[in-house]
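If you want the building blocks of each chain, they are given just below.
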Amino acid sequence: MAFDFALALLILTVLFGLVWGLDRAFLYRARKRRAEEAGKDYRDPWPVDWSRSLFPVVLLVLVLRSFVAEPFRIPSPSMYPTLKVGDFILVNKFSYGLRLPVFHTKILHLGEPKRGDIVVFRPPWSKNQDWIKRIVGLPGDKVVVRGEQVFVNGKRVEATPIGPYAGDVSDQYDRTIMSRQGMVLDENLDGVHHHIIETPLAHFAPDVPNGDNPVTVPQNCYFVMGDNRDDSDDSRYHGCVPEKDLVGKAFFIWLSLHSMKRIGTVLH
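Residues numbered from 1 in each chain as written. Predicted model: local features only at pLDDT ≥ 70, side-chain atom pairs only at ≥ 80, totals over all residues. Heavy atoms only, no water.

Visitor: Account for the UniProt feature "transmembrane region" (unreviewed entry) in the chain, with residues named and values stated.
Guide: UniProt's entry tags residues 50-68 with the feature "transmembrane region" (unreviewed entry), counted in the numbering of this structure. From the first C-alpha to the last, residues 50-68 spans 26 Å; its make-up is 95% helix and 0% strand. (UniProt positions renumbered as here; feature names shortened; annotations may be inferred. Helix = DSSP H or I, 4+ residues; strand = E, 2+ residues; numbered from the N terminus.)

Structure representation (structure tokens):
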């Protein structure tokens, strides 16, 4: 099982809080009085001292990470050219509502995902991982993918060719895309313009299962796809992503190992 950082933070917060709180409630005064009677300067035992010092720190990290923004590192090339492997991004945790850490139960509704949003989610088919894709279909939409063409509610999603993909030759994924004659297109999802990549020679991409039959996106579910269309494991093969499995909306690249120019990029 993968290491759960949120669970570790919650355990540490509860542990440090209990040690510090119980000591102050039941033991602190008695120990201090005995130290003063013995004519010694009082000092907290090291477990209490550590708990008092670390409790505010881990509590702050837990609150920020659970309810404000969470860092995320891009693990795969499925979102090229928008996001590259190794990019460090921030995920807005309150765009779609506040959830309890670890349990992921929504406690406050704040908004709905929109078509074109880049979302981080825990896929039902791989619960111990976080994935990142772009929302193409909303609840109630009828989505059809025929080869490189995407249709939503009977209307073809506009994708304007820009030209051959010209990436960084030092990046192995860029080299792969260029060797397979990757083409860059400007896709328009309800006014959200972004670049996608189509690779005609991507023989590793399986046939799209819904190429002939429209998929109706269920309520509280979202049809997601990667921007690197021929190298993305997404809703075409696994089905939609339930709303309860959304982690948040990706919105900012705060560090990139590929180019300084990518740092500070606002995602759309």
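Visitor: Describe the domain arrangement of the chain, and please don't skip the residues or the numbers.
Guide: Parsing the chain into structural domains produces domain 1 (5-68) and domain 2 (75-266). Computed from C-alpha atoms alone, the centre-to-centre distance between domain 1 and domain 2 is 43 Å. With eight residues of domain 1 at the interface, the matching set in domain 2 holds 10 residues. In total, domain 1 and domain 2 occlude about 700 Å² of area from one another, counting both sides; carbon and sulfur atoms represent 69% of this. It is Ser-66, Phe-67 and Val-68 in domain 1 that bury the most area against domain 2; as a group they hold 64% of the surface buried on that side. Remark: the boundary between domain 1 and domain 2 carries zero salt bridges. Where domain 1 touches domain 2, the interface holds two residue pairs in polar contact (both at pLDDT 80 or more). Elements represented by at least two residues in the side of domain 1 that touches domain 2 include exactly helix 1 (5-37) and helix 2 (46-67). A total of four residues in the side of domain 1 that touches domain 2 trace back to one element, the largest contributor, which is helix 2. (Domains from an automatic or database assignment. Contact = heavy atoms within 4.5 Å. Buried area = accessible area lost by both parts, 1.4 Å probe. Salt bridge = Lys/Arg side-chain N within 4 Å of Asp/Glu carboxyl O. Polar contact = N/O pair within 3.5 Å; in protein donor to acceptor, adjacent residues only side chain to side chain.)

Visitor: Hey, could you go over the sheet that holds strand 10 (residues 158-164) for me, with residue numbers and the actual values?
Guide: Taking strand neighbours across the sheet as the criterion, the three strands line up as 10-11-12 in an open arrangement whose pairing is antiparallel. With one partner strand each, in any of the chains shown, strand 10 and strand 12 (192-198) form the two edges of the open sheet. The sheet shows a mean angle of 30° between the axes of neighbouring strands, direction not considered. Where strand 10 and strand 11 (residues 183-189) come together, six bridges link them in antiparallel fashion. Among the inter-strand pairings, Thr-160 is bridged to a residue of strand 11, identified as Asp-186. (Pairing = 2+ DSSP bridges. Axes fitted to C-alpha atoms, helices over the stretch in contact; angles between N-to-C directions.)

Visitor: Tell me about the pattern of salt bridges, residues and numbers included.
Guide: Per the counting criterion, the structure on display carries 18 salt bridges. Between Asp-23 and Arg-24 there is a salt bridge, and its shortest N-O distance comes to 2.8 Å. Arg-24 is the salt-bridge partner of Asp-44, the closest N and O atoms lying 3.1 Å from each other. Here Asp-44, found in the loop between helix 1 and helix 2, pairs with Arg-24, found in helix 1; they are 20 residues apart in sequence, far enough to count as distant. Residue Arg-24 is classed as partly exposed on the basis of its relative accessible area, which comes to 30%. Taken together, the shared-partner salt bridges in this structure form one network comprising Asp-23, Arg-24, Asp-44, Asp-49 and Arg-52. (Buried < 20%, exposed > 50% of the residue type's maximum accessible area, 1.4 Å probe, protein only.)

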